[in-house]
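Examining the three-dimensional arrangement
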Amino acid sequence: MPSSTSSSERPSNAGELPAYEVPLDDPPVRALPSRALGWPWLVALLLFAVALSGWELYWRDYGVAPSYRNSDGAWAIQRRRIDQGEGDATVIIGSSRVLFDIQLPVWERLDGERPIQLALEGTSPLFLLEDLADDTDFTGRLVVGVTPLLFFADFSRRHAVLPYYRNESPAQRAGQRLSMWLLEPWLAYYDPDFALFTVLERQPWPARPGVPNEVAVRRLSVADADRATRMWDKVERDPAYRALARDIWSRLLQRPPPPPAAAHALRDKQIARAVAAVGKLRARGVPVVFVRAPSAGQWLEMERKAFPRAATWERLLAATGAPGIHFEDHPQLQGYELPEWSHLSASEAERFTEALLPLVEEASTRPAPAAPPES
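In this report, the structure presented in the accompanying data block is examined. Source: prediction; values computed, not measured.

1. Observations regarding the side chain of Lys-234
Mapped onto the elements of the fold, Lys-234 is located in helix α10 (residues 233–237). A distance of 2.8 Å separates a polar side-chain atom of Lys-234 from the backbone oxygen of Tyr-62. With residues up to four places along the chain from it excluded, the contact list for Lys-234 reads Tyr-62 and Tyr-241.

This is the structure:
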(Lines give C-alpha, C1' and ligand atoms only; values in the text may rest on other atoms or scores of the structure.)
Protein backbone atom coordinates (compact mmCIF):
# COMPACT_ATOMS: atom_id res chain seq x y z
CA MET A 1 0.00 0.00 0.00
CA PRO A 2 1.45 3.36 -0.95
CA SER A 3 2.70 5.47 1.87
CA SER A 4 0.51 8.34 2.81
CA THR A 5 3.47 10.49 3.81
CA SER A 6 3.78 13.39 1.46
CA SER A 7 7.05 14.54 0.02
CA SER A 8 6.87 17.69 2.09
CA GLU A 9 6.85 15.56 5.26
CA ARG A 10 10.00 13.53 4.36
CA PRO A 11 13.39 14.71 5.62
CA SER A 12 14.95 16.82 2.95
CA ASN A 13 18.14 14.74 2.94
CA ALA A 14 16.58 11.28 3.02
CA GLY A 15 18.35 9.06 0.50
CA GLU A 16 20.27 12.00 -0.90
CA LEU A 17 23.96 12.90 -0.92
CA PRO A 18 25.05 16.21 0.54
CA ALA A 19 25.20 18.87 -2.08
CA TYR A 20 29.01 18.93 -2.13
CA GLU A 21 29.10 15.17 -2.87
CA VAL A 22 26.52 15.08 -5.64
CA PRO A 23 28.23 13.86 -8.83
CA LEU A 24 27.84 16.19 -11.75
CA ASP A 25 27.07 14.65 -15.12
CA ASP A 26 27.99 17.84 -16.88
CA PRO A 27 30.55 19.76 -14.77
CA PRO A 28 31.06 23.38 -15.66
CA VAL A 29 34.04 24.13 -17.83
CA ARG A 30 35.83 27.42 -17.80
CA ALA A 31 37.89 28.03 -20.87
CA LEU A 32 41.30 29.53 -20.28
CA PRO A 33 41.77 32.84 -21.98
CA SER A 34 43.92 32.71 -25.06
CA ARG A 35 47.27 34.25 -24.23
CA ALA A 36 50.57 34.18 -26.02
CA LEU A 37 53.12 32.95 -23.46
CA GLY A 38 56.19 33.70 -25.53
CA TRP A 39 57.10 36.98 -23.83
CA PRO A 40 56.38 35.85 -20.26
CA TRP A 41 58.45 32.73 -20.80
CA LEU A 42 61.26 34.77 -22.26
CA VAL A 43 61.20 37.26 -19.38
CA ALA A 44 61.17 34.44 -16.81
CA LEU A 45 64.09 32.75 -18.53
CA LEU A 46 66.00 36.02 -18.68
CA LEU A 47 65.42 36.72 -14.97
CA PHE A 48 66.55 33.20 -14.10
CA ALA A 49 69.73 33.57 -16.17
CA VAL A 50 70.53 36.97 -14.65
CA ALA A 51 69.98 35.71 -11.08
CA LEU A 52 72.00 32.53 -11.66
CA SER A 53 74.84 34.41 -13.34
CA GLY A 54 74.91 37.03 -10.60
CA TRP A 55 75.07 34.40 -7.85
CA GLU A 56 77.80 32.51 -9.71
CA LEU A 57 79.88 35.63 -10.35
CA TYR A 58 79.52 36.71 -6.73
CA TRP A 59 81.03 33.49 -5.43
CA ARG A 60 83.74 33.36 -8.06
CA ASP A 61 84.76 36.86 -7.01
CA TYR A 62 84.89 35.54 -3.44
CA GLY A 63 87.49 33.02 -4.58
CA VAL A 64 85.35 29.95 -5.18
CA ALA A 65 86.03 27.60 -8.10
CA PRO A 66 84.01 24.55 -9.21
CA SER A 67 84.62 21.47 -7.10
CA TYR A 68 82.99 18.10 -6.57
CA ARG A 69 80.60 17.87 -3.63
CA ASN A 70 81.39 15.64 -0.66
CA SER A 71 77.96 14.04 -0.80
CA ASP A 72 76.68 10.69 0.40
CA GLY A 73 76.31 9.66 -3.23
CA ALA A 74 79.95 10.47 -4.01
CA TRP A 75 81.03 8.44 -0.99
CA ALA A 76 78.83 5.52 -2.04
CA ILE A 77 80.52 5.42 -5.47
CA GLN A 78 83.89 4.93 -3.78
CA ARG A 79 82.54 2.36 -1.30
CA ARG A 80 81.11 0.29 -4.15
CA ARG A 81 84.58 -0.05 -5.66
CA ILE A 82 85.27 -2.71 -3.01
CA ASP A 83 82.14 -4.60 -4.09
CA GLN A 84 83.12 -4.34 -7.76
CA GLY A 85 86.51 -6.05 -7.59
CA GLU A 86 88.86 -3.59 -5.86
CA GLY A 87 88.73 -5.23 -2.46
CA ASP A 88 92.51 -5.66 -2.36
CA ALA A 89 93.16 -1.90 -2.50
CA THR A 90 94.46 0.39 0.21
CA VAL A 91 91.44 1.97 1.89
CA ILE A 92 91.58 5.14 3.99
CA ILE A 93 89.02 5.79 6.71
CA GLY A 94 89.05 8.42 9.41
CA SER A 95 88.01 12.03 9.76
CA SER A 96 88.85 15.18 7.84
CA ARG A 97 92.56 15.14 8.70
CA VAL A 98 93.37 12.04 6.66
CA LEU A 99 90.82 13.20 4.09
CA PHE A 100 92.70 16.50 3.60
CA ASP A 101 96.23 15.44 4.46
CA ILE A 102 96.70 12.21 2.48
CA GLN A 103 96.99 13.17 -1.17
CA LEU A 104 95.85 10.38 -3.49
CA PRO A 105 97.86 11.54 -6.56
CA VAL A 106 101.09 11.55 -4.53
CA TRP A 107 100.32 8.14 -3.04
CA GLU A 108 99.59 6.75 -6.52
CA ARG A 109 102.80 8.20 -7.96
CA LEU A 110 104.93 6.63 -5.25
CA ASP A 111 103.06 3.38 -4.63
CA GLY A 112 101.63 2.59 -8.04
CA GLU A 113 98.04 2.38 -6.79
CA ARG A 114 95.46 4.98 -5.90
CA PRO A 115 93.79 4.37 -2.52
CA ILE A 116 90.05 4.36 -2.00
CA GLN A 117 89.26 7.44 0.09
CA LEU A 118 86.39 6.77 2.51
CA ALA A 119 87.27 9.24 5.29
CA LEU A 120 84.46 11.54 6.43
CA GLU A 121 84.69 14.91 8.09
CA GLY A 122 83.43 15.48 11.62
CA THR A 123 82.88 11.77 12.24
CA SER A 124 84.40 8.88 14.15
CA PRO A 125 85.53 6.17 11.68
CA LEU A 126 84.63 3.29 13.99
CA PHE A 127 81.36 2.53 12.21
CA LEU A 128 83.34 2.24 8.94
CA LEU A 129 85.96 0.07 10.63
CA GLU A 130 83.18 -2.26 11.75
CA ASP A 131 81.57 -2.24 8.30
CA LEU A 132 84.81 -3.21 6.56
CA ALA A 133 85.54 -5.83 9.21
CA ASP A 134 82.26 -7.52 8.27
CA ASP A 135 82.85 -7.23 4.51
CA THR A 136 84.77 -10.29 3.32
CA ASP A 137 85.23 -8.65 -0.10
CA PHE A 138 87.75 -6.33 1.53
CA THR A 139 91.18 -7.99 1.68
CA GLY A 140 93.54 -5.04 1.14
CA ARG A 141 95.22 -2.62 3.57
CA LEU A 142 93.38 -0.30 5.93
CA VAL A 143 94.68 3.09 7.07
CA VAL A 144 92.64 4.49 9.96
CA GLY A 145 92.94 8.17 10.87
CA VAL A 146 92.57 8.97 14.56
CA THR A 147 91.41 12.45 15.52
CA PRO A 148 91.13 12.07 19.31
CA LEU A 149 88.01 14.18 19.89
CA LEU A 150 86.08 12.44 17.13
CA PHE A 151 87.45 8.91 17.49
CA PHE A 152 87.18 8.49 21.26
CA ALA A 153 83.95 10.47 21.71
CA ASP A 154 82.04 8.79 18.85
CA PHE A 155 81.00 11.80 16.79
CA SER A 156 78.44 10.64 14.22
CA ARG A 157 77.88 13.55 11.85
CA ARG A 158 78.09 11.47 8.64
CA HIS A 159 76.88 8.04 9.77
CA ALA A 160 74.00 8.19 7.30
CA VAL A 161 76.36 7.31 4.45
CA LEU A 162 76.17 3.59 5.16
CA PRO A 163 72.37 3.20 4.91
CA TYR A 164 72.46 5.52 1.91
CA TYR A 165 75.07 3.32 0.20
CA ARG A 166 73.11 0.16 0.97
CA ASN A 167 69.72 1.51 -0.09
CA GLU A 168 70.60 3.98 -2.84
CA SER A 169 67.93 3.85 -5.54
CA PRO A 170 68.56 3.88 -9.30
CA ALA A 171 67.14 7.41 -9.43
CA GLN A 172 69.57 8.57 -6.74
CA ARG A 173 72.49 6.99 -8.56
CA ALA A 174 71.47 8.64 -11.80
CA GLY A 175 71.02 11.99 -10.08
CA GLN A 176 74.48 11.73 -8.53
CA ARG A 177 76.06 10.99 -11.89
CA LEU A 178 74.21 13.81 -13.62
CA SER A 179 75.30 16.20 -10.87
CA MET A 180 78.93 15.12 -11.31
CA TRP A 181 78.76 15.46 -15.10
CA LEU A 182 76.63 18.55 -15.63
CA LEU A 183 76.85 20.75 -12.51
CA GLU A 184 79.75 20.18 -10.15
CA PRO A 185 82.62 20.65 -12.65
CA TRP A 186 81.16 23.92 -13.95
CA LEU A 187 79.36 25.84 -11.20
CA ALA A 188 81.29 27.47 -8.35
CA TYR A 189 78.25 28.22 -6.16
CA TYR A 190 77.04 24.60 -6.21
CA ASP A 191 78.20 23.79 -2.69
CA PRO A 192 76.18 23.53 0.55
CA ASP A 193 78.20 26.35 2.14
CA PHE A 194 76.99 28.78 -0.54
CA ALA A 195 73.32 27.78 -0.64
CA LEU A 196 71.02 30.77 -0.28
CA PHE A 197 69.32 29.64 2.94
CA THR A 198 72.67 28.63 4.46
CA VAL A 199 73.97 32.12 3.72
CA LEU A 200 70.87 33.66 5.28
CA GLU A 201 71.16 31.53 8.42
CA ARG A 202 74.68 32.68 9.17
CA GLN A 203 73.88 36.38 8.96
CA PRO A 204 74.30 38.34 12.26
CA TRP A 205 70.65 38.16 13.22
CA PRO A 206 69.62 39.55 16.64
CA ALA A 207 69.85 36.98 19.41
CA ARG A 208 66.55 35.50 20.55
CA PRO A 209 65.92 34.08 24.02
CA GLY A 210 66.03 30.31 24.11
CA VAL A 211 67.46 29.97 20.59
CA PRO A 212 71.04 28.62 20.66
CA ASN A 213 73.61 30.41 18.54
CA GLU A 214 75.03 27.43 16.67
CA VAL A 215 78.45 27.77 15.06
CA ALA A 216 78.75 26.09 11.67
CA VAL A 217 82.13 25.17 10.24
CA ARG A 218 82.70 26.94 6.95
CA ARG A 219 84.07 25.41 3.78
CA LEU A 220 87.70 24.31 4.16
CA SER A 221 88.41 21.98 1.23
CA VAL A 222 88.03 21.21 -2.45
CA ALA A 223 87.73 17.73 -3.94
CA ASP A 224 88.05 15.74 -7.15
CA ALA A 225 85.57 13.21 -8.49
CA ASP A 226 87.09 10.32 -6.51
CA ARG A 227 87.08 12.33 -3.26
CA ALA A 228 90.76 13.21 -3.49
CA THR A 229 90.61 16.24 -1.21
CA ARG A 230 92.88 19.14 -0.32
CA MET A 231 92.58 22.37 1.64
CA TRP A 232 90.85 25.23 -0.16
CA ASP A 233 93.52 27.77 -1.01
CA LYS A 234 91.39 30.60 0.40
CA VAL A 235 92.10 29.29 3.88
CA GLU A 236 95.82 29.69 3.15
CA ARG A 237 95.96 32.99 1.25
CA ASP A 238 93.11 35.01 2.77
CA PRO A 239 94.03 36.16 6.32
CA ALA A 240 90.44 37.16 7.13
CA TYR A 241 89.02 33.79 6.09
CA ARG A 242 91.77 31.93 7.96
CA ALA A 243 90.99 34.01 11.06
CA LEU A 244 87.29 33.15 10.64
CA ALA A 245 88.10 29.42 10.49
CA ARG A 246 90.22 29.70 13.64
CA ASP A 247 87.53 31.68 15.43
CA ILE A 248 84.94 29.01 14.66
CA TRP A 249 87.26 26.30 15.99
CA SER A 250 87.93 28.39 19.11
CA ARG A 251 84.24 28.67 19.90
CA LEU A 252 83.63 24.97 19.29
CA LEU A 253 86.60 23.95 21.43
CA GLN A 254 85.36 26.07 24.32
CA ARG A 255 82.24 23.99 24.77
CA PRO A 256 82.19 22.28 28.19
CA PRO A 257 83.37 18.66 28.12
CA PRO A 258 81.19 15.80 29.36
CA PRO A 259 81.60 14.60 32.94
CA PRO A 260 84.83 12.60 33.36
CA ALA A 261 83.04 9.36 34.21
CA ALA A 262 80.91 9.53 31.06
CA ALA A 263 83.92 10.48 28.90
CA HIS A 264 85.98 7.57 30.24
CA ALA A 265 83.14 5.10 29.72
CA LEU A 266 82.65 6.24 26.14
CA ARG A 267 86.40 6.06 25.48
CA ASP A 268 86.50 2.48 26.79
CA LYS A 269 83.53 1.57 24.62
CA GLN A 270 85.21 2.97 21.52
CA ILE A 271 88.42 1.08 22.18
CA ALA A 272 86.44 -2.15 22.71
CA ARG A 273 84.70 -1.63 19.36
CA ALA A 274 88.06 -1.12 17.67
CA VAL A 275 89.45 -4.29 19.27
CA ALA A 276 86.57 -6.39 17.94
CA ALA A 277 86.78 -4.95 14.42
CA VAL A 278 90.58 -5.17 14.13
CA GLY A 279 90.40 -8.76 15.35
CA LYS A 280 88.09 -9.68 12.48
CA LEU A 281 90.31 -7.95 9.94
CA ARG A 282 93.48 -9.56 11.30
CA ALA A 283 91.83 -13.00 11.15
CA ARG A 284 91.59 -12.74 7.39
CA GLY A 285 95.00 -11.14 6.91
CA VAL A 286 94.04 -7.48 6.49
CA PRO A 287 96.72 -5.17 7.96
CA VAL A 288 95.40 -2.17 9.90
CA VAL A 289 97.53 0.91 10.55
CA PHE A 290 96.34 3.74 12.80
CA VAL A 291 97.55 7.24 11.89
CA ARG A 292 97.54 10.30 14.13
CA ALA A 293 97.92 13.22 11.71
CA PRO A 294 99.37 16.58 12.84
CA SER A 295 97.44 19.24 14.71
CA ALA A 296 98.53 22.57 16.19
CA GLY A 297 97.39 25.62 18.16
CA GLN A 298 94.23 25.32 20.21
CA TRP A 299 93.37 21.95 18.67
CA LEU A 300 96.59 20.37 19.90
CA GLU A 301 96.25 22.01 23.31
CA MET A 302 92.75 20.60 23.76
CA GLU A 303 93.76 17.13 22.55
CA ARG A 304 96.71 16.89 24.92
CA LYS A 305 94.56 17.96 27.84
CA ALA A 306 91.32 16.07 27.18
CA PHE A 307 92.73 13.00 25.38
CA PRO A 308 96.21 12.27 26.79
CA ARG A 309 98.21 9.76 24.77
CA ALA A 310 98.62 7.23 27.55
CA ALA A 311 94.86 6.97 28.10
CA THR A 312 93.79 7.01 24.45
CA TRP A 313 96.35 6.44 21.69
CA GLU A 314 98.63 4.08 23.60
CA ARG A 315 95.69 2.11 24.96
CA LEU A 316 94.19 1.80 21.49
CA LEU A 317 97.39 0.33 20.05
CA ALA A 318 97.98 -1.98 23.01
CA ALA A 319 94.40 -3.28 23.02
CA THR A 320 94.12 -3.86 19.26
CA GLY A 321 97.71 -5.01 18.67
CA ALA A 322 97.73 -2.86 15.53
CA PRO A 323 100.66 -0.57 14.64
CA GLY A 324 100.27 3.17 14.87
CA ILE A 325 102.00 6.20 13.38
CA HIS A 326 101.84 9.30 15.57
CA PHE A 327 103.17 12.52 14.10
CA GLU A 328 104.94 13.38 17.34
CA ASP A 329 107.06 10.22 17.09
CA HIS A 330 108.53 10.92 13.65
CA PRO A 331 110.57 14.02 12.77
CA GLN A 332 109.54 13.75 9.10
CA LEU A 333 105.89 14.21 10.13
CA GLN A 334 106.52 17.42 12.05
CA GLY A 335 107.09 21.07 11.14
CA TYR A 336 104.19 21.44 8.71
CA GLU A 337 101.94 24.46 8.15
CA LEU A 338 98.41 24.07 9.52
CA PRO A 339 96.61 27.32 8.62
CA GLU A 340 93.62 26.68 10.90
CA TRP A 341 95.34 24.28 13.36
CA SER A 342 93.64 21.07 12.23
CA HIS A 343 94.56 20.42 8.58
CA LEU A 344 97.65 20.78 6.41
CA SER A 345 97.81 23.25 3.56
CA ALA A 346 97.60 21.68 0.10
CA SER A 347 101.31 21.87 -0.68
CA GLU A 348 102.27 20.66 2.79
CA ALA A 349 99.86 17.73 2.44
CA GLU A 350 101.80 16.53 -0.59
CA ARG A 351 105.06 16.56 1.39
CA PHE A 352 103.33 14.90 4.31
CA THR A 353 102.04 12.07 2.09
CA GLU A 354 105.53 11.48 0.74
CA ALA A 355 106.81 11.14 4.30
CA LEU A 356 103.88 9.05 5.56
CA LEU A 357 103.72 6.39 2.85
CA PRO A 358 107.02 4.61 3.72
CA LEU A 359 105.95 4.51 7.36
CA VAL A 360 102.59 2.96 6.42
CA GLU A 361 104.29 0.38 4.21
CA GLU A 362 106.71 -0.58 6.96
CA ALA A 363 103.98 -0.77 9.59
CA SER A 364 101.60 -2.79 7.43
CA THR A 365 104.24 -5.43 6.66
CA ARG A 366 105.43 -5.70 10.26
CA PRO A 367 104.43 -9.03 11.83
CA ALA A 368 101.37 -8.53 13.96
CA PRO A 369 101.97 -9.09 17.69
CA ALA A 370 99.99 -11.67 19.53
CA ALA A 371 96.53 -10.50 20.49
CA PRO A 372 96.44 -9.20 24.06
CA PRO A 373 94.80 -11.53 26.59
CA GLU A 374 91.19 -10.88 27.33
CA SER A 375 90.59 -9.17 30.66
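Having put the structure on the table, let's press on.
2. Some thoughts on the packing of aromatic side chains
Taken as a whole, this structure holds 13 aromatic pairs when the rule is applied. Ring centres of Tyr-62 and Tyr-241 lie 6.3 Å apart, and the angle between their planes is 80°; on these two criteria the pair is classed as edge-to-face. Remark: Tyr-241 occurs in helix α11 (residues 239–253) and Tyr-62 occurs in helix α1 (residues 38–62); sequence separation between them is 179 residues. Overall, Tyr-62 belongs to the partly exposed group, its relative accessible area being 27%. For the pair Trp-249 and Trp-299, a centre-to-centre distance of 5.4 Å together with 80° between the ring planes defines the contact as edge-to-face. In this pair, Trp-249 is assigned in helix α11 and Trp-299 in helix α13 (residues 297–306), connecting sequence segments 50 residues apart. By relative accessible area, Trp-249 is classed as buried at 10%. For Trp-299, a relative accessible area of 6% translates into the label buried. In this arrangement the basic side chain of Arg-69 is found over the ring face of Tyr-190, its NZ or CZ atom lying 4.4 Å from the centre. Over the ring of Tyr-62 we find Lys-234; its NZ or CZ atom is 4.1 Å from the centre of that ring.

3. Here's the deal with helix α12 (residues 260–283)
Under the 1.5 Å per step criterion, the end-to-end length of α12 is 35 Å for 24 residues, consistent within 8% with the ideal 34 Å. All of the buried residues along α12 are Arg-267, Gln-270, Ile-271, Arg-273, Ala-274, Ala-277, Val-278 and Leu-281. In this structure, the buried side of α12 is in contact with α5 (126–133), β3 (141–145), α6 (148–153), β6 (288–292) and α14 (313–320). The positive-phi residue at the C-terminal boundary of α12 is Gly-285, with phi of around 85°.

4. Considerations on the pattern of salt bridges
Pairing between side chains of opposite charge can happen when the charged atoms of each approach one another. A complete count under the given rule lists 33 salt bridges for this structure. Here the residues in one salt-bridge network are Arg-79, Asp-83, Asp-131, Asp-135 and Arg-166, joined through shared partners.

5. Here we look at the nonpolar core
In terms of nonpolar packing, the biggest core is built from 83 residues, with Val-91, Ile-93, Leu-129, Leu-142, Phe-151 and Phe-290 touching the most fellow members. Here the element with the most residues in this core is helix α15 (residues 346–365); it accounts for eight residues. Leaving out residues up to four positions away in the same chain, Ile-93 has contacts with Val-98, Leu-118, Ala-119, Pro-125, Leu-128, Leu-129, Leu-132, Leu-142, Val-143, Val-144 and Gly-145.

6. Brief notes about a nonpolar patch on the surface
Together, Trp-39, Leu-42, Val-43 and Leu-47 make up a nonpolar patch on the protein surface, roughly 470 Å² of accessible area in all. Tracing the chain through its elements places Leu-47 in helix α1. Take Leu-47: its relative accessible area is 56%, and that puts it in the exposed class.

Rules used in this analysis
- Residues numbered from 1 in each chain as written.
- Predicted model: local features only at pLDDT ≥ 70, side-chain atom pairs only at ≥ 80, totals over all residues.
- Heavy atoms only, no water.
- Helix = DSSP H or I, 4+ residues; strand = E, 2+ residues; numbered from the N terminus.
- Polar contact = N/O pair within 3.5 Å; in protein donor to acceptor, adjacent residues only side chain to side chain.
- Contact = heavy atoms within 4.5 Å.
- Phe/Tyr/Trp six-rings, centres within 6.5 Å; stacked < 30°, edge-to-face > 60°.
- Buried < 20%, exposed > 50% of the residue type's maximum accessible area, 1.4 Å probe, protein only.
- Lys NZ or Arg CZ within 6 Å of the ring centre and 35° of its normal.
- Expected span 1.5 Å × (residues − 1).
- Salt bridge = Lys/Arg side-chain N within 4 Å of Asp/Glu carboxyl O.
- Core = buried A, V, L, I, M, F, W, Y, C linked by side-chain atoms within 4.5 Å.
- Patch = residues over 30% accessible without salt bridge, like charges linked within 9 Å, V, L, I, M, F, W, Y side chains within 5 Å.
- Areas by Shrake-Rupley, 256 points an atom, 1.4 Å probe, with all protein chains shown as cover.

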